[in-house]
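Residue-level structure breakdown
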Amino acid sequence: MSVPELIRIVSRDSPMALAQVERVRAELAVLHPGVRTEVVPVKTTGDKWLGDLSQVEGKGAFTKEVDAALLAGEADLAVHCVKDVPADRPLPAGTVFAAFLKRDDVRDALVHPGGLTLDELPAGTRIGTSSVRRVAQLAATHPQLECVPFRGNANRRLEKLAAGEADALLLAVAGLERIGRTDVISEVLSPETMMPPIGAGILALQCREDDTELIDAVSGLGDPDTHREATAERMFLHVLQGHCNSPIAGYARVDLSGELSLRACVFTPDGKTRLNAHEWAGRLDPATLGTSVAVALLRQGAREIIDGIPH
Ligand SMILES: NCc1[nH]cc(CCC(=O)O)c1CC(=O)O
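Analysis parameters
- Residues numbered from 1 in each chain as written.
- Predicted model: local features only at pLDDT ≥ 70, side-chain atom pairs only at ≥ 80, totals over all residues.
- Heavy atoms only, no water.
- UniProt positions renumbered as here; feature names shortened; annotations may be inferred.
- Helix = DSSP H or I, 4+ residues; strand = E, 2+ residues; numbered from the N terminus.
- Buried < 20%, exposed > 50% of the residue type's maximum accessible area, 1.4 Å probe, protein only.
- Pairing = 2+ DSSP bridges.
- Salt bridge = Lys/Arg side-chain N within 4 Å of Asp/Glu carboxyl O.
- Axes fitted to C-alpha atoms, helices over the stretch in contact; angles between N-to-C directions.
- Left-handed = near helix turned anticlockwise from the far one by under 90°.
- Contact = heavy atoms within 4.5 Å.
- Nonpolar A, V, L, I, M, F, W, Y, C, P; charged D, E, K, R; others polar.
- Expected span 1.5 Å × (residues − 1).
- Arc of directions from axis to C-beta.
- Polar contact = N/O pair within 3.5 Å; in protein donor to acceptor, adjacent residues only side chain to side chain.

Here we come to the UniProt feature "domain: Porphobilinogen deaminase C-terminal" (unreviewed entry) in the chain. Cross-referencing UniProt, the feature "domain: Porphobilinogen deaminase C-terminal" (unreviewed entry) maps to residues 229-298 in the present numbering. Here residues 229-298 runs as 36% helix and 31% strand, with 21 Å between its end C-alpha atoms.

As a further point, take the pairing of strand β11 (residues 248-254). The buried fraction of β11 amounts to six of the seven residues, a majority that puts the element mostly inside the structure. As defined by bridge partners, β11 adjoins strand β12 (residues 260-267) across seven bridges and the pair is classed as antiparallel. In the strand pairing of β12, Gly-250 is matched with Ala-264. Counting the residues in the hairpin turn of β11 and β12 gives five residues, including Gly-258, whose phi is positive at 90 degrees.

Oppositely charged side chains may form a pair once their charged atoms are brought near each other. Scanning the model with the defined rule gives 20 salt bridges in all. Between Arg-103 and Glu-229 there is a salt bridge whose closest N-O contact spans 3.0 Å. Placement of Arg-103 in the loop between β4 (95-100) and β5 (108-111) and of Glu-229 in helix α8 (residues 224-240) is noted, with a sequence separation of 126 residues between them. Residue classification places Arg-103 among the buried residues on the basis of a relative accessible area of 14%.

We now examine the packing of α8 against helix α9 (residues 286-299). As a packed pair, α8 and α9 sit with axes 7 Å apart at the nearest point and diverge in direction by 40 degrees. The chirality of how α8 crosses α9 is right-handed. Contacts between α8 and α9 involve Arg-228, Thr-231, Ala-232, Met-235, Phe-236, Val-239 and Leu-240 on the former and, on the latter, Pro-286, Ala-287, Leu-289, Gly-290, Thr-291, Val-293, Ala-294, Leu-297 and Leu-298. Along the lines of polarity and charge, the residues of the contact of α8 with α9 split into twelve nonpolar, three polar and one charged.

What follows covers the UniProt feature "modified residue: S-(dipyrrolylmethanemethyl)cysteine" (unreviewed entry) in the chain. Here the UniProt-annotated "modified residue: S-(dipyrrolylmethanemethyl)cysteine" (unreviewed entry) positions come out as Cys-244. Looking at the element boundaries, Cys-244 is found in the loop between α8 and β11.

Looking now at unusual backbone geometry. Despite not being glycine, Gln-241 shows a phi value in the positive range, around 50 degrees. In this structure, Gln-241 sits in the loop between α8 and β11. Classification of Gln-241 by relative accessible area gives partly exposed; the value is 35%.

Here the focus is the sheet that holds β11. Here three strands make up an open sheet; going across it, the order is β11-β12-β13 and the pairing antiparallel. In this open sheet, the two strands that pair with only one neighbour each are β11 and β13 (274-280). Averaged over neighbouring strand pairs, the angle between their axes works out to 10 degrees when direction is ignored. Running over the sheet, helix α4 (residues 132-141) touches β11, β12 and β13 and is turned about 95 degrees from β11. With respect to the sheet, α8 is in contact with β11 and β12, its orientation differing from that of β11 by roughly 150 degrees.

With that settled, consider α9. Side chains three or four residues apart in an α-helix point the same way, a direct result of the helix having 3.6 residues per turn. Between its first and last C-alpha atoms α9 spans 20 Å; for 14 residues at 1.5 Å apiece the expected length is 20 Å, and the two agree. Three or more residues of α9 are buried, namely Pro-286, Leu-289, Gly-290, Val-293, Ala-294, Ala-296 and Leu-297. The buried side chains of α9 occupy one side of the element, clustering within an arc of 155 degrees when seen end-on. Buried-residue contacts for α9 involve α8, β12, β13 and α10 (302-307). With a side-chain oxygen lying 3.1 Å from the backbone nitrogen of Ala-287, the N-terminal cap of α9 falls on Asp-285. Gly-301 sits one or two residues past α9 and shows a positive phi near 105 degrees.

Here it is, written out as structure tokens:
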């Protein structure tokens, strides 16, 4: 296999994103010991704008500038959190996913400086999160807690928490692992307590579709089970056509016997209505499983819930 001499890797410039790039560089160094890599950090709209994401382009706010650098030939390989890559539309024309790295933890964690668990938090505790998915689920299970809008990269959110801008936070375990801050976790929430977002804990490598040499060179970093899970989850979201204010959650899993299943939910913003579906792939390929679970939720009225939410 011919391997490029130099691979220029583009990503957001947050500490989490740069840690993700270091993982990719380390895995590449094992697979292709001779290869040189260079990092091209870019600031995205989502990093610069700390207001409501639906006021900027919403979806794609964390990926647009990264995609542009790739397409302009300023870099060769983009590293993305799958969670941040819009699934309601195809990938930008001219680009493909070359690999999905082995999945990290899908769960969310509670970060409470006093070390309390979610059930122990007193009424009125301010939870810093702007995620409609987290807000809806908390409203359903812990209505006595109050969510306050909270944006910025994970390090920035921890600083704002320390400054007293909220009493506790919800953050992804995978993200805290990447920035080396699992020490702040007071409770890891089960997926039943807090259903994860589509693509949680998965990093994707994206290339220009004509760059076959690089696609071949990096495809060996992909994990086949993660690929099946990511494909089912993203097709689910594609068929459902949510928007950035629609609380949607779900995750696929390949179990020990190799069976793929996908569970997913759609909520109203107040969490009072929750539609659920859970199906096993059986003979279906991952994308068809994603479609089937989306159709199951549409039959229960998901379209009306999603379209009824202002965005
Ligand atoms: N929206 C930012 C973002 N994108 C991906 C992750 C977590 C890591 C992952 O799931 O890959 C986070 C931080 C968070 O939600 O706490």
